[in-house]
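Letter by letter, the chains look like this.
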Amino acid sequence: MHFQDLPARLADIRGRIGLAAERGGFGQHVTVVAVTKSHGPEAVRAAFHAGLADVGENRVQEALNKMQKVDVPVRWHLIGHLQRNKAKHIDRFTLLHSLDSSRLADALSDVGRQRGSPVDVLLQINVSGEGTKGGFAPSELALEADRLARLTGVVLRGVMTMAPLDASEEELRRVFGGAREGRDVLARAGHPAAELSMGMSNDYEIAVEEGATMVRLGTTLFGARDT
Ligand SMILES: *Cc1c(COP(=O)(O)O)cnc(C)c1O
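Residues numbered from 1 in each chain as written. Predicted model: local features only at pLDDT ≥ 70, side-chain atom pairs only at ≥ 80, totals over all residues. Heavy atoms only, no water.

1. Describing the environment of G223
Now for step 1: Considering the arrangement of structural elements, one finds G223 in the segment after α8 (219-222).
Now for step 2: A relative accessible area of 12% places G223 in the buried class.
Now for step 3: Taking the C-alpha atoms as reference points, G223 and H2, separated by 221 residues in sequence, lie 9.3 Å from one another. (Helix = DSSP H or I, 4+ residues; strand = E, 2+ residues; numbered from the N terminus. Buried < 20%, exposed > 50% of the residue type's maximum accessible area, 1.4 Å probe, protein only.)

Listed below in structure tokens is the structure:
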């Protein structure tokens, strides 16, 4: 895989994001998180040189291996499930998008307290209710917001969600709108929850129309993954 056309693809994507944000009317800034999973370190370098400073990986071990092989100063986002026994590795990441259980929150809070600076997290919300997806149900948010407020080692920066793969536009809007409402529940509970991480290659324009502040893009930037 070669990445020479990445700057052109990114320019097109940024144009689409700008138009979608105008249509949505939320006035938000949108950060593109370049999802480099299954690609080598050259994808991270290409992303950085194209102007992308945020990189997303969904497996801790793959990310740690890649970090050793790149020297460009990108921010690493963990966007996949984090096992509690690997919580300490969050040290290497700028943001966890996928806080999906109370027990993981407890483990991360311990890490944050031990290192003396809290861990930034997004709460993963499962709006569609699909059994294969992790995260909290919208009905659990208010209670979890209270619990998280008592953990001094984590800071709740917002929410993340994933839409079903083959969702209709109507379903996408229901899922993304539900995540936006979830974020607003957390913010009203007093958390600094400004971020809304939603939208992947197939659905990011609708996500931005619905208020996304972070889109996680892999395929549309780097081409199809072979794994
Ligand atoms: C792989 C992945 C993405 C990127 O998916 P694309 O469809 O390739 O853009 C985004 N978010 C998460 C959580 C992922 O695992």
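After that view of the structure, there is still more to cover.
2. Re the pattern of salt bridges
Now for step 1: If you walk through the whole model with that rule in mind, you get 19 salt bridges.
Now for step 2: One salt bridge in this structure joins R16 and D12, with 3.0 Å as the shortest N-O distance. Of the two residues, R16 and D12 are both situated in helix α1 (residues 6-24); the distance of four residues between them amounts to about one turn of the helix.
Now for step 3: Residue classification places D12 among the partly exposed residues on the basis of a relative accessible area of 41%.
Now for step 4: In this structure, D120 engages R157 in a salt bridge whose closest nitrogen and oxygen atoms are separated by 2.8 Å. Within this pair, whereas D120 is found in strand β5 (residues 119-124), its partner R157 is found in strand β6 (residues 154-160), the two being separated by 37 residues in sequence.
Now for step 5: For R157, a relative accessible area of 32% gives the class partly exposed.
Now for step 6: Ionic contacts of the salt-bridge type, sharing partners, join the residues R23, E169, R173, R180, E209 and E210 into one network. (Salt bridge = Lys/Arg side-chain N within 4 Å of Asp/Glu carboxyl O.)

3. Observations concerning helix α2 (residues 41-49)
Now for step 1: Within the span of α2, buried status applies to P41, A43, V44, A46 and A47.
Now for step 2: Packing partners of the buried residues in α2 comprise α1, β1 (31-35), β2 (54-57), α3 (60-69), β3 (75-78) and α8. (Contact = heavy atoms within 4.5 Å.)

4. Quick word on the site of the ligand
Now for step 1: In the vicinity of the ligand, the residues found are V35, K37, N58, I79, M162, M200, S201, R216, L217, G218, T219 and R225.
Now for step 2: Contact with the protein chains hides 92% of the accessible area of the ligand, taken as 390 Å² for the molecule alone.
Now for step 3: Of the residues contributing to the shell around the ligand, the split by class is five nonpolar, four polar and three charged. (Near = heavy atom within 4 Å. Areas by Shrake-Rupley, 256 points an atom, 1.4 Å probe, with all protein chains shown as cover. Nonpolar A, V, L, I, M, F, W, Y, C, P; charged D, E, K, R; others polar.)

5. Let's talk about the side chain of D100
Now for step 1: Residue placement: D100 occurs in the loop between β4 (95-99) and α4 (102-115).
Now for step 2: Despite its burial, D100 pairs with no opposite charge; the closest candidate is R84, at 8.6 Å N-O.
Now for step 3: Setting aside chain neighbours within four positions, we find D100 in contact with H81, Q124, G135 and F136. (Lys, Arg positive; Asp, Glu negative; His and termini not counted.)

6. Describing the packing of α4 against helix α5 (residues 141-149)
Now for step 1: Taken N-terminus to C-terminus, the directions of α4 and α5 make an angle of 15 degrees; their axes are 11 Å apart at the nearest point. By the criterion of interaxial angle, the relationship of α4 to α5 is roughly parallel. Of the two possible hands of crossing, α4 and α5 adopt the one that is right-handed. For the pair formed by α4 and α5, the contact residues are S102, A105 and D106 on the first element and E144, R147 and L148 on the second.
Now for step 2: Its residues assigned to classes, the contact of α4 with α5 comprises two nonpolar, one polar and three charged. (Axes fitted to C-alpha atoms, helices over the stretch in contact; angles between N-to-C directions. Parallel < 35°, antiparallel > 145°, perpendicular 65-115°, else oblique. Left-handed = near helix turned anticlockwise from the far one by under 90°.)

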